[in-house]
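# Topology and contacts: notes
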Amino acid sequence: MTVYSRSGNAAQVGSKLHEFDECRFDISVNDNVWYLRAEDPEGRQCWTETLRQSKIESGYGSEASLRRHGSMISVTSAASSFSAASTSSAKKGRGLREKLAELETFRDILCRQVDALQKYFDACAEPADIDHFNRDNALDYDEDEEMPVVRPNGEVLHNNCANKDKAFGSPLHKGLNGMDFKGEAITFKATTAGILATLSHCIDLMVKCEEGWQKRLDKEQERRRRLEEAYKVVLEKLKKKAYIGGPDYEEGPNSLMNEEEFYDAVEAALDRQDKIDEKMLQAERNRNKEPALVGSSETFSSVGFHRFSQLVEGIVENHLEYSLQDVGGDAHWQLIVEEGEMKVFRREVEENGIVLDPLKATHTVKGVTGHELCHYFWDAGAKNDWETTIDSYRVVETLAENAIIIYQTHKRIWPATQRDALYLSSMKKISAAKENYPDIWIVCNVSVDHNEVPVTSKCVRVKINIAMICQTLVSPPENGQDITRDNIVCKITYVANVNPGGWAPAAALRTVAKREYPKFLKRFTGYVKERTLGKAILF
């Protein structure tokens, strides 16, 4: 029998012959002890000599490590301890099933060791109970009744000691003979150490398995994420192809597009159109540098005489009464945009699912008059210079010098249906009712019907009621100097009531209006300032 260790200092090996049993010998390696018994004393001597010689030749251990251990368990304890020691030093390359089987073996060994220790404790407790019982019985003896014994040589012996020994019995129970409690405790410790080591190895194996499965899971999740992204890309491409050629993905009562998709498509189309419009506007302004001719103030003192005169007069009076009122404190009006001097308000109104939100904007522009702003807003010949949403337009009928009927088609913004509008545009000056009050210039655009322009299925006819109201404020220059454009400011009130018709989603319409109306005001007022720069002031 030999003992293996990884290094010379890793193992402390010792062996000892049993003190009473001629065939018994014990072997200790660190905290592990084997209790062995040979068939005869000669066999024991052969084993011990061989072990001592092997230890000396291998260089493991020392003579100081030889220790004596005794035990009542021989073959069974030896086999159990050997199994525990071998398992505790086993390599951690074994599989989980093998380790679980070892735990089952350890459990059986531990149960046997617990039973042995329990028998030892029971045997220790049994003499104490008997001793306590006999002691109580011995106290009942009357000391006067105990008769001494006289030997022939004259020596007197008393019976109390004999009686006590008989009463109390043997001081050591026969079940305790040969029991080495220390050896059993060391064996118990080795077994529990083996269980803990095996459990630790099982935990390591499970952790490694979990790490391996986690890596596989991460790879599968990453693969799935890439496939989902590729699927989304392909799906978007298919949707775009369907949008281009599919009528189901256009504005209509049975459109398959939701509000978010509809708005995204409109916004993308508007962004592309804005870049095109900027180039076109610049080209139009370069071709048409001379300002358009404007009439005198007397020309616009009335709405003129035509079949829509009463309609226009009523609309003008309505705007002067309600449109100039401040809506900043009205809970029904929401401030949706505020940029510098410009404020845009909206009141949400829907009728039969169609958005009819009235919109009101106020703005202040320096260096231009109300007459100039209203003229360029009314003049049909200047529309292409600042209006970017018009695809084509024409004057259908001239009702008066300051009243015309215009038909215009707007650029189609996919997926929305193309819109057209037929409206009467009239420009009028309202003189100030009180001294030092500014005059008011107003342009009204209101939808009308005309036989020459019937409604067609190609476009959705838009109904509008729009007013551009301007007031010029003058700051008198010092020392009686002439008024310059630095001394004038124009206060603008723009009111729009538009029924877009069709089936465009409400959220998309409101979002587009919030975006486009401020852009229109800034673009139009900038255009007027550019056209009037360096020109005579037109009051």
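Above this note sits the structure.
Residues numbered from 1 in each chain as written. Predicted model: local features only at pLDDT ≥ 70, side-chain atom pairs only at ≥ 80, totals over all residues. Heavy atoms only, no water.

## Side note on the pattern of salt bridges
The condition is simple: Throughout this description, the term salt bridge denotes a Lys or Arg side-chain nitrogen within 4 Å of a carboxyl oxygen of Asp or Glu. Think of it in three bands: with a 1.4 Å probe and only protein chains considered, a residue is buried below 20% of the maximum accessible area for its type, exposed above 50%, and partly exposed in between. Put simply, DSSP marks the helices as runs of H or I at least four residues long and the strands as runs of E at least two long, and each gets a number from the N terminus on.
Under the counting rule described, the total for this entry stands at 20 salt bridges. A salt bridge links Asp108 to Arg107, with the shortest nitrogen-to-oxygen separation between them at 3.8 Å. Judged by relative accessible area, Asp108 falls into the partly exposed class, the value being 38%. Judged by relative accessible area, which is 48%, Arg107 ranks as partly exposed. The salt bridge involving Arg531 is made with Asp385; its shortest N-O contact spans 3.2 Å. Taken together, the residues span a long stretch of sequence, with Arg531 in helix α10 (residues 506–532) and Asp385 in helix α9 (residues 383–386) at a distance of 146 residues. For the residue pair Arg531 and Asp385, the accessibility class agrees, reading buried in each case. By sharing partners, the salt bridges in this structure join Glu222, Arg225, Arg226 and Glu229 into a single network.

## Quick look at the side chain of Asn402
Here is the rule: Polar contact is defined as a pair of N or O atoms within 3.5 Å, subject to the rule that within protein one atom must be able to donate a hydrogen and the other to accept it, and that residues adjacent in sequence are counted only when both atoms are side-chain atoms.
By the element assignment, Asn402 lies in the loop between β11 (390–400) and β12 (403–410). A relative accessible area of 2% places Asn402 in the buried class. In terms of polar contacts, Asn402 uses its side chain to reach the backbone carbonyl oxygen of Met427, at 2.8 Å.

## Looking at the state of the cysteines
By definition, a disulfide links the sulfur atoms of two cysteines through a covalent bond. Cut-off, in case you're wondering: Cysteine sulfur atoms that pair up within 2.5 Å are treated as a disulfide.
In total, this model carries zero disulfides according to the counting rule given. With no disulfide of its own, Cys374 lies closest to Cys470 among cysteine sulfurs, the gap being 3.7 Å.

## Points about helix α7 (residues 309–323)
For clarity, the threshold we go by: Helix span is expected to be 1.5 Å times the residue number reduced by one. Within this analysis, the arc is defined by the directions that extend from the helix axis to the C-beta atoms.
In this model, α7 (15 residues) spans 20 Å end to end at C-alpha, consistent with the 21 Å of a helix rising 1.5 Å per residue. Among the residues of α7, Ser309, Val312, Ile315, Val316, His319 and Ser323 are the ones counted as buried. When α7 is viewed along its axis, its buried side chains cluster within an angular range of 130 degrees and face the same direction. Facing away from the buried side of α7 by more than 90 degrees, the exposed set consists of Gln310 and Glu317.

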